[in-house]
Amino acid sequence: MSILGTEQVSHSFNDKWLFKDLHFALQRGERVALVGINGTGKSTLLKILAETLPPNQGKVVKEKGIRIGYLPQEPNFSRLNTINDFIYSADNEQQQLIKEYEQLIDSEDIDNDKLADITDRLTSLNAWEYEHNIKTILNRLQISNFDQKIDNLSGGQKKRLSLAKLLIDEPDVYILDEPTNHLDIETIEWLEKLLTTGNKTVLTVSHDRYFLDNISSEIRELDKGQLFIYKGNYAYYLEKKSEREYNDVVSAEKARNLLRKELEWMRRQPQARGTKSKARIEAFYDLEDKSKGPRQNDKVSLSVKVSRQGSKILEIENINKIYNDRDIISNFSYIFKKGDRIGLAGKNGSGKSTFLNLVTNEIMPDNGKIEIGETTKFGYYKQSGLQFNEGERVLDVVKNIAEYIQMANGDTLTASQLLTLFLFPPEKQFGMVSKLSGGEKKRLHLMRVLMANPNFLILDEPSNDLDIDTLNVLEEFLINFPGVLVLVSHDRYLIDKLTEQLFIFDGEGVVTIYNGNYADFKLEQEQKIKEEKALIKNKAIPALPPPIENFQKRKLNYKEIKEYENLETEILKTEDSIANKTNLLSEMTDHIKLAEIAIEIENLKLSLDKKTERWLELAEYM
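Below or above, wherever it landed, is the structure these notes cover.

Basis of the calculations
- Residues numbered from 1 in each chain as written.
- Predicted model: local features only at pLDDT ≥ 70, side-chain atom pairs only at ≥ 80, totals over all residues.
- Heavy atoms only, no water.
- Helix = DSSP H or I, 4+ residues; strand = E, 2+ residues; numbered from the N terminus.
- Contact = heavy atoms within 4.5 Å.
- Axes fitted to C-alpha atoms, helices over the stretch in contact; angles between N-to-C directions.
- Parallel < 35°, antiparallel > 145°, perpendicular 65-115°, else oblique.
- Left-handed = near helix turned anticlockwise from the far one by under 90°.
- Nonpolar A, V, L, I, M, F, W, Y, C, P; charged D, E, K, R; others polar.
- Polar contact = N/O pair within 3.5 Å; in protein donor to acceptor, adjacent residues only side chain to side chain.
- Core = buried A, V, L, I, M, F, W, Y, C linked by side-chain atoms within 4.5 Å.
- Buried < 20%, exposed > 50% of the residue type's maximum accessible area, 1.4 Å probe, protein only.
- Pairing = 2+ DSSP bridges.

### A look at the side chain of Thr 44
- When you line up the elements, Thr 44 lands in helix 1 (residues 42-49).
- Look past the residues within four positions of Thr 44 in its chain and what remains in contact with it is His 11, Leu 18, Phe 19 and Leu 53.

This is the structure we're talking about:
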């Protein structure tokens, strides 16, 4: 039985029906990914299910008392002042107690009586584990200053704050619209484990194909108002969708061939419709609809001709950059070569965007030098996007840069043809920029960068707000791009497919050059962790010091001698327990059990310290 769904829901946008009489149901424990090109109504359907948008027709049905957590693409924080106001719900007793506790221990003059009272109440409500989970979520999402004004947060910070609140509340249904936007790769991997722990019910829209592959048990594709269901993860969906599209093409081709014969029959018959076979006329119009299906077209290869590139492209020599007394980049050097395809990796705030601004001379290094070759022509796609004249036509925005783009084989594509390849149909091209969605405006910004014919292409998070079909077109373009490519992306699939080398930023100024893509790097890191765990597991207790015969302060009695001998065994057992539980941490995905094991390890370490101290004390008299 479904716990959340729709009954004959229909909705239109700008006088166009997105879907009609749509039935969509979620069962408890299902993890469903909703996919489809921009404009099909994915985000609209999520809003309807989350009951933030009423449908034009139909209704939402849900199990009584069910709690829905909704993460929109652009969170709304109206009537909220600080992060604290948002994180801790006024109607949640545990959260309010945790808020009081955190504020109290952070104050200069701690009221010990009040602290004792709150501590007792937290204990009685079994809220300490919950408090630990809240701290873990906030730390992972880089939220620390709870007094900060929400209005002063960036778009990325607001998205992470909204995600943190949803995870803290632990709803019955998680409805997530592009949850990986503005997260670094490590945090995305943590989120994947969190969402797949326990029997969570999840509905998500995301362009991140590795994320979809790792969390989804079912894919539902919204295409021209219809819903296609694939029982499996994203890789399974791709396989089955390919089969469906092939069958659709074959069926449409057969329908078109038959339509030609039927058209001849229609033309031969008298004009008066009443004299024709009614059933055959109806079949003709039905066949006409079927014949409008997809055609088997050859793909256009997007191999572009770039500006000529000389032998000197870009040389970086011992550059340093410090912000607020913190090393962002320290003594980094690199000489770019023709055909370099480099991905920048590191946590949010580790210096990736600063590096891009340095190499394009938007900011200057504190020390060192950056020399740009005379023929180097940058194309820089920024996260912040581009300001457009809202009253301008989409086609004109691109034509202002260039009327056409030259391909590597000598052919040319007009601005209109290139827009079509990047999924801007003619009606969009001649429409106003003001009518584009946020994702479509970012796509248009990307088009302007590519039309400028650069030979050194820099893309800073190009996948944000782009649908998967657009990303496939972009990937094809970039695979055939002959110039230098520098890519910043949290999309592991994009990084793996397009880069051959990584610059890894540790956030402390060190930039490590790694030959290989992210999958290679991750595999190598996992192998190192396994080796370190093996060393911990096999590590023997340090050799016991020999008995100190000269120390004859007193003799140990029989009970103390037995205690000394037992302590040796107990110390070894405790170290083994710590090692085993440490291994469990990497294998466990349940965040509640993770917290429990972490507490057990801390207690074992305290016990080990006490036993070792006692053993050393007794050893003096042996």
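### Considerations on the packing of helix 5 (residues 128-140) against helix 6 (residues 155-169)
- Running from N to C, helix 5 and helix 6 cross one another at 160 degrees; their axes reach a closest spacing of 10 Å. Judged by the inter-axis angle, helix 5 sits roughly antiparallel to helix 6. Viewed along their axes, helix 5 and helix 6 form a crossing whose handedness is right-handed. In this structure, helix 5 uses Tyr 130, Ile 134, Ile 137 and Leu 138 to contact helix 6, whose residues at the interface are Ala 164, Leu 167 and Ile 168.
- Of the residues that constitute the contact of helix 5 with helix 6, the class distribution is seven nonpolar, no polar and no charged.

### Regarding the side chain of Ser 216
- Note on placement: Ser 216 falls in the loop between helix 8 (209-215) and strand 9 (218-223).
- For Ser 216, the side chain forms a polar contact with the main-chain oxygen of Leu 212, separated by 2.4 Å.
- The residues touching Ser 216, leaving out its near neighbours within four places in the chain, are Arg 31, Ala 33, Gly 232, Asn 233 and Tyr 234.

### Some words on the nonpolar core
- Within the largest apolar cluster, 43 residues are counted, with the highest numbers of intra-cluster contacts made by Leu 419, Phe 422, Leu 444, Leu 457, Leu 459 and Leu 478.
- Looking at which element gives the most residues to this core, the answer is helix 15 (residues 438-451), with six residues.
- Among all residues touching Leu 478, those that are not within four sequence positions of it are Arg 341, Leu 457, Leu 459, Leu 485 and Leu 498.
- Counting 39 residues, the second-largest nonpolar core is a separate cluster that includes Leu 104, Ile 188, Val 202 and Phe 211.

### Remarks on the sheet that holds strand 4 (residues 31-35)
- Strand order in the open sheet formed by six strands is 6-7-8-4-9-10, and the pairing between neighbours is mixed. Of all the strands in the sheet, the pair left with one neighbour each is strand 6 (68-71) and strand 10 (226-230). The sheet shows a mean angle of 15 degrees between the axes of neighbouring strands, direction not considered.
- Direction of pairing for strand 6 relative to strand 7 (residues 173-177): parallel, over a ladder of four bridges. Within the sheet, the bridge partner assigned to Tyr 70 lies in strand 7 and is Ile 175.
- Strands strand 6 and strand 7 of the sheet are contacted by helix 6, whose axis makes an angle of about 170 degrees with strand 6.

Note that all results are geometric; they support no functional claim without further evidence.
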